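A look at the structure
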Amino acid sequence: MTCSRVAYLINREHTVTFLYALWIVPILGLLIFLHELGHFVMARRAGVRVEEFGFGLPPRIWGVKRGDTIYSINLLPIGGFVRVHGEDGRSFADDSMQTKTAWQRTKFLAAGSIMNFITAFIVLALIVSFQGESKENVYVVDVQADSPAAAAGWQSGDRFVSFAGESIDDPGLMQDLTAEQAGEVTDVVLERNGELVETTVTPRENPPAGEGRTGITMNAAPLATVKVEDVPAGTLAEEIGLQEGDELRSLDGELITDYLSYRLYLESNTGEEVTLEIERDGELVTIPFQAPTEIGEGGPLGASFVQNVDFDGVPVTEIPGKTVSTFFSTIGRMADGLVSLITGETPLDELAGPIGMGQLTSEVISESALPLWVTLANLTFILSLNLGFLNLLPLPALDGGRLLFVLIEVLRGGRRVSPEKEGVVHFVGLVVLLTVMLGIAFVDVDRIISGGSFLQMIVVR
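My aim in this report is to walk through the structure given alongside it, one point at a time. (Residues numbered from 1 in each chain as written. Predicted model: local features only at pLDDT ≥ 70, side-chain atom pairs only at ≥ 80, totals over all residues. Heavy atoms only, no water.)

1. Overview of unusual backbone geometry
- Phi at Asp281 is positive, roughly 55 degrees, even though this residue is not glycine.
- Inspection of the secondary structure assignment puts Asp281 in the loop between β13 (273-280) and β14 (283-290).
- A positive phi is found at Ala397, a non-glycine position, where the angle reads about 85 degrees.
- Along the polypeptide, Ala397 turns up in the loop between α10 (372-391) and α11 (399-411).
- For Ala397, a relative accessible area of 21% corresponds to the partly exposed category. (Helix = DSSP H or I, 4+ residues; strand = E, 2+ residues; numbered from the N terminus. Buried < 20%, exposed > 50% of the residue type's maximum accessible area, 1.4 Å probe, protein only.)

Written out as structure tokens, the structure reads:
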């Protein structure tokens, strides 16, 4: 097993950079194009005439006709579409979608999501193959009053060691275990100030909206060494004598194993006298100072840092297994997220449209613990999986809603719902969908204008 080290910059808190936000355009454009390509291929294989295959959304700015199909480039660069003959229910010609079997129409409708799943799987395999994997420390960030976590005595800055007997090195695993143990008294081991603390907690089965089962917010950071990148003038970092290249070693004797261990310790000891140990030019230097009472945008000391993260290479024989397990566990978490949205556990304002996705992309890139290509690849994996998953939901106007009508047809022994009635259902569904998307867009814009952060809203509980 090989080991590589990757350095990345700890940027200012939740910086919304316009250029970073623009990355969402090619990512979404590619994923929706591939989605529509799946429909296109299945339509052609079924002998259905494709009237138009468009990249982007209308109005059309360029198009060329090859055979029976118009290939177009449209003004809005997010997405694409496939218009097939007979989808409006008005034609029953041999090359119409209406004359094809239930199985052919099922393959056509499911092909878009299948393309997204295939894309997500390939991207994930590339990440596992070329980047490898790192271990993460998972921390308690905030504890809600009168919550199971508060009753268990959990505190901000505590690091999870084990939960229900499972070692914790991934926030997703923590989230899964918390859901599995809902209503059960669970043993949890934390690390606090260098000592192990044994606790018990009972995750709630029906938690209040926005609080989660244990009533905490969590954050995670990969194991890494932390070095000073820049010391701006007038900051506390300059005042106490930090220099570029200094490596953070410990605070009050507690090892600094990642950026969060440094930050959370100072946030938990505001106004207290602390001692920072650094390594400078091969020598250990201790720096006593008073932790700030307020944390600004530049972090506790106002300096920026570089983390050198250790990534373990994954043996070739283990890549398929790790890819498959991560792929399906992520789908499972998406399903759990959908259920929590329906039950009200997750607030509706945590939904995002294209504008919110742009903000999220900007913040993730700014705060990412990974090189840019890995961050973008992870975003592509998650968005592709989301696109495929959401399109299969049995809702009118979505592929899943159309598949539902095919299923009804099969259950009725081949008797179809009339195209006119089905068309009305999908039209109403489309109007509702567009209305919801418009409402989400207003929420996204208001969040950006008010200076809100998407990352602060989407927390693992």
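2. Some words on the pattern of salt bridges
- Applying the stated criterion across every chain, the model contains 12 salt bridges.
- Between Asp95 and Arg49 there is a salt bridge; the shortest N-O distance is 2.9 Å. Highlighted residues: Asp95 in the loop between β3 (69-84) and α3 (102-130) and Arg49 in the loop between α2 (24-45) and β2 (50-66), separated in sequence by 46 residues.
- Counted as one network, the salt bridges with shared partners bring together Arg49, Glu51, Glu52, Arg60, Arg83 and Asp95. (Salt bridge = Lys/Arg side-chain N within 4 Å of Asp/Glu carboxyl O.)

3. Things to note about the environment of Ile122
- With respect to the secondary-structure elements, Ile122 resides in helix α3.
- What makes Ile122 partly exposed here is its relative accessible area of 47%.

4. Quick notes on a nonpolar patch on the surface
- Together, Phe55, Leu57, Ile61, Trp62, Ile73, Leu75 and Leu76 give the surface a local cluster of nonpolar side chains, amounting to about 650 Å² of exposed area.
- Mapped onto the secondary structure, Leu75 falls in strand β3. (Patch = residues over 30% accessible without salt bridge, like charges linked within 9 Å, V, L, I, M, F, W, Y side chains within 5 Å. Areas by Shrake-Rupley, 256 points an atom, 1.4 Å probe, with all protein chains shown as cover.)

5. What about helix α7 (residues 259-268)?
- The buried fraction of α7 is high, at eight of 10 residues.
- For α7, the side-chain oxygen to backbone nitrogen distance between the N-cap and Leu260 is 2.9 Å, and the N-cap itself is Asp258. (Polar contact = N/O pair within 3.5 Å; in protein donor to acceptor, adjacent residues only side chain to side chain.)

6. Quick notes on the nonpolar core
- Ranked by size, the top nonpolar core spans 22 residues in total, and within it Leu242, Leu248, Tyr262, Phe289 and Leu301 carry the most contacts.
- Secondary structure elements with two or more residues in this core: β10 (224-230), α6 (236-240), β11 (247-251), α7, β13 and β14.
- Setting aside anything within four residues of it in sequence, one finds Leu248 in contact with Val226, Val228, Ile256, Tyr262, Leu276, Glu277, Ile278 and Phe305. (Core = buried A, V, L, I, M, F, W, Y, C linked by side-chain atoms within 4.5 Å. Contact = heavy atoms within 4.5 Å.)

7. As for the pairing of strand β9 (residues 216-222)
- Most of β9 sits out of view: five of its seven residues are buried.
- Bridge analysis of strand β4 (residues 136-143) against β9 gives seven bridges, and the strand direction is antiparallel. Considered in β9, the bridge of Val140 is made with Met218. (Pairing = 2+ DSSP bridges.)

8. Things to note about the packing of α3 against helix α8 (residues 319-343)
- The geometry of α3 relative to α8 is characterised by a closest axis approach of 9 Å and an angle of 130 degrees between their N-to-C directions. The angle between the axes of α3 and α8 places the two elements in the oblique class. Judged by the twist between their axes, the crossing of α3 over α8 is right-handed. Within the contact between the two elements, α3 uses Phe117, Ala120, Phe121, Leu124, Ala125, Val128 and Ser129 and α8 uses Ile319, Lys322, Thr323, Val324, Thr326 and Phe327.
- For the contact of α3 with α8, the class distribution of residues is nine nonpolar, three polar and one charged. (Axes fitted to C-alpha atoms, helices over the stretch in contact; angles between N-to-C directions. Parallel < 35°, antiparallel > 145°, perpendicular 65-115°, else oblique. Left-handed = near helix turned anticlockwise from the far one by under 90°. Nonpolar A, V, L, I, M, F, W, Y, C, P; charged D, E, K, R; others polar.)

9. Remarks on the side chain of Glu52
- Inspection of the secondary structure puts Glu52 in strand β2.
- Here the side chain of Glu52 touches Arg83 through a polar contact of 2.6 Å, side chain to side chain.
- In this structure, Glu52 is in contact with Arg60, Thr69, Ile70, Ser72, Phe81, Val82 and Arg83, ignoring residues within four places of it in sequence.

10. Section: the side chain of Asn391
- Position of Asn391 relative to the elements: it lies in helix α10.
- Not counting chain neighbours up to four residues away, the residues in contact with Asn391 comprise His35, Ser113, Leu398, Asp399 and Gly400.

11. Some points on the packing of α3 against α10
- The N-to-C vectors of α3 and α10 enclose an angle of 155 degrees; their axes lie 8 Å apart at closest approach. Between α3 and α10, the crossing angle belongs to the class labelled roughly antiparallel. Considering the relative orientation of α3 and α10, their crossing is left-handed. Contacts between α3 and α10 involve Ser113, Asn116, Phe117, Thr119, Ala120, Val123, Leu124, Ile127 and Phe130 on the former and, on the latter, Trp373, Val374, Ala377, Asn378, Thr380, Phe381, Ser384, Leu385, Leu387, Gly388, Phe389 and Asn391.
- Partitioned by chemical class, the residues of the contact of α3 with α10 number 13 nonpolar, eight polar and no charged.

12. Focus: α2
- In this model, α2 (22 residues) spans 32 Å end to end at C-alpha, consistent with the 32 Å of a helix rising 1.5 Å per residue.
- Following α2 by one or two positions, Gly47 adopts a phi angle in the positive range, close to 80 degrees. (Expected span 1.5 Å × (residues − 1).)

13. Some thoughts on the packing of aromatic side chains
- Within the structure shown, the criterion is met by 11 aromatic pairs.
- Look at Phe40 and Phe53: their rings are 4.8 Å apart centre to centre, the planes differ by 20 degrees, and that puts the pair in the stacked class. Taken together, the positions of Phe40 in helix α2 and Phe53 in strand β2 put the pair 13 residues apart, joining distant regions of the chain. Across the pair, exposure class does not vary: Phe40 and Phe53 are buried alike.
- Measuring from ring centre to ring centre gives 5.2 Å for Trp154 and Phe160, while their planes differ by 80 degrees; the resulting arrangement is edge-to-face.
- Residue Trp154 is classed as buried on the basis of its relative accessible area of 4%.
- Joined through ring pairs, the aromatic side chains of Phe33, Phe40, Phe53, Phe55 and Tyr71 make up one cluster. (Phe/Tyr/Trp six-rings, centres within 6.5 Å; stacked < 30°, edge-to-face > 60°.)

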